[in-house]
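The lines below spell out each chain.
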Amino acid sequence: SQQGEEDPQALSIQEGENATMNCSYKTSINNLQWYRQNSGRGLVHLILIRSNEREKHSGRLRVTLDTSKKSSSLLITASRAADTASYFCATDDPDSWGKLQFGAGTQVVVTP
Amino acid sequence: NAGVTQTPKFQVLKTGQSMTLQCAQDMNHNSMYWYRQDPGMGLRLIYYSASEGTTDKGEVPNGYNVSRLNKREFSLRLESAAPSQTSVYFCASSEFWDIYYGEQFFGPGTRLTVL
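Novice: Let's hear about the layout of surface pockets: which residues, and what values?
Specialist: Taken as a whole, the largest pocket encloses approximately 500 Å³ of empty space. Looking at the lining of the largest pocket, the elements that each hand over two or more residues are β9 (85-92) and β11 (106-111) of chain A together with β9 (87-94) of chain B. Sort the elements by how many residues they give to the lining of the largest pocket and β11 of chain A lands first, with 4 residues. Tallied by class, the residues present in the lining of the largest pocket amount to 10 nonpolar, 12 polar and 3 charged.

Below, the structure written as structure tokens:
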């Protein structure tokens, strides 16, 4: 079973707009990570947020974490065509160090 | 640094054939993982190795075996391939500090078709 579930499943925006996607999870975590996957490629790590952090920034990315609601959001500001990809959240398993559970992903299409 | 490499990139098997997927990392990471990704789904963990000399089952281990050959290499074997094992397979590695694991680094994937 998948721990994290992303919403929406798909998102289509124009260049320059912001893209927001959400992740909900079921059990307690040590950290939550976001990954990007371009078509036909492996996953690339974007950002990691620990359970005691509420917000984190990296370039045009902003991630929030609300452990009381068991949810996280990823915001991509001023999107570019190159941001077209699938985005996955992944949560760790505190009882089994190192294991991640991935959601099904949000497919983002950015049109010029 | 090559990061995580996987061989082969593509493979077509007939039902019942066996094969081994190879994975190597040059980042001196302790932990390595094998995932499969099916259309419209996220990654599902098949097996992982928290450190050299240890392996553990993940979410979908049936039909697979693994070998942590050394710190660098982690192979996945399909003993008798089935059409349900048609998928894209990803290897990954990561490091840990205290109770925290860091980001996982992924290989480019192996696209396997079982006829």
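Novice: Tell me about the interface of chain B and chain A, residues and numbers included.
Specialist: Listed as interface residues are 23 residues of chain B and, on the opposing side, 23 residues of chain A. Note on chain B versus chain A: buried area summed over both sides is about 1,900 Å², and carbon and sulfur give 54% of it. The interface formed by chain B and chain A contains 0 salt bridges. The interface formed by chain B and chain A includes 3 residue pairs in polar contact (both at pLDDT 80 or more). Residue assignment for the side of chain B that touches chain A shows that the elements contributing at least two residues are β4 (31-37), β5 (43-49) and β11 (100-101) of chain B. Its residues assigned to classes, the side of chain B that touches chain A comprises 12 nonpolar, 6 polar and 5 charged.

Novice: Explain the pairing of strand β2 (residues 10-14) of chain A to me, using residue names and the numbers behind them.
Specialist: Residues and elements named next belong to chain A. Every second residue of β2 is oriented toward a common face, the buried set being Leu11 and Ile13 and the non-buried set Ala10, Ser12 and Gln14. Where β2 and β11 come together, 5 bridges link them in parallel fashion. Looking across to β11, one finds that isoleucine 13 is bridged to valine 110.

Novice: Break down the nonpolar core for me, with residues and values.
Specialist: Within the largest apolar cluster, 22 residues are counted, with the highest numbers of intra-cluster contacts made by Met21, Leu32, Trp34, Leu46, Leu74, Ile76 and Tyr87 of chain A. Excluding anything up to four places from it in sequence, isoleucine 76 of chain A contacts Glu17, Asn18, Ala19, Met21, Arg60, Leu61, Asp83 and Tyr87 of chain A. Formed by 20 residues, the second largest nonpolar core is a distinct cluster that contains Val66, Phe74, Leu78 and Cys91 of chain B.

Novice: Give a description of the state of the cysteines that names residues and reports values.
Specialist: Residue and element names in this part refer to chain A. Enumeration over the complete set of coordinates arrives at 2 disulfides over all chains. Here cysteine 23 engages in a disulfide with cysteine 89; their sulfurs sit 2.0 Å apart. The S-S bond linking cysteine 23 to cysteine 89 shows a torsion near 65°; that makes this disulfide right-handed. Of this pair, cysteine 23 sits in strand β3 (residues 19-24) while cysteine 89 sits in strand β9; the two residues are 66 residues apart in sequence, bridging distant segments of the chain. In this structure cysteine 23 comes out as buried when scored by relative accessible area, which is 2%. Residue classification places cysteine 89 among the buried positions, given a relative accessible area of 0%.

Novice: Mind laying out the sheet that holds strand β7 (residues 61-66) of chain A, listing which residues take part and the relevant values?
Specialist: Residue and element names in this part refer to chain A. The strand order across the open sheet formed by 5 strands is β1-β3-β8-β7-β6, and the pairing between neighbours is antiparallel. Of all strands in the sheet, those bounded by a partner on one side alone are β1 (5-7) and β6 (55-58). Strand-to-strand twist of the sheet, defined as the mean angle between neighbouring strand axes without regard to direction, takes the value 20°. One ladder, built from 6 bridges, connects β7 with strand β8 (residues 71-76); its direction is antiparallel. The residue bridging threonine 64 from the neighbouring strand is serine 73, located in β8.

Definitions and limits used
Residues numbered from 1 in each chain as written. Chains lettered and ligands numbered in written order. Predicted model: local features only at pLDDT ≥ 70, side-chain atom pairs only at ≥ 80, totals over all residues. Heavy atoms only, no water. 1 Å grid on protein atoms, 1.4 Å probe; cavity = no way out; pocket = protein on both sides within 12 Å on 5 of 7 lines; lining within 4 Å. Points joined across faces, edges and corners; volume = space filled by probe spheres on them. Helix = DSSP H or I, 4+ residues; strand = E, 2+ residues; numbered from the N terminus. Nonpolar A, V, L, I, M, F, W, Y, C, P; charged D, E, K, R; others polar. Contact = heavy atoms within 4.5 Å. Buried area = accessible area lost by both parts, 1.4 Å probe. Salt bridge = Lys/Arg side-chain N within 4 Å of Asp/Glu carboxyl O. Polar contact = N/O pair within 3.5 Å; in protein donor to acceptor, adjacent residues only side chain to side chain. Buried < 20%, exposed > 50% of the residue type's maximum accessible area, 1.4 Å probe, protein only. Pairing = 2+ DSSP bridges. Core = buried A, V, L, I, M, F, W, Y, C linked by side-chain atoms within 4.5 Å. Disulfide = S-S within 2.5 Å. Axes fitted to C-alpha atoms, helices over the stretch in contact; angles between N-to-C directions.

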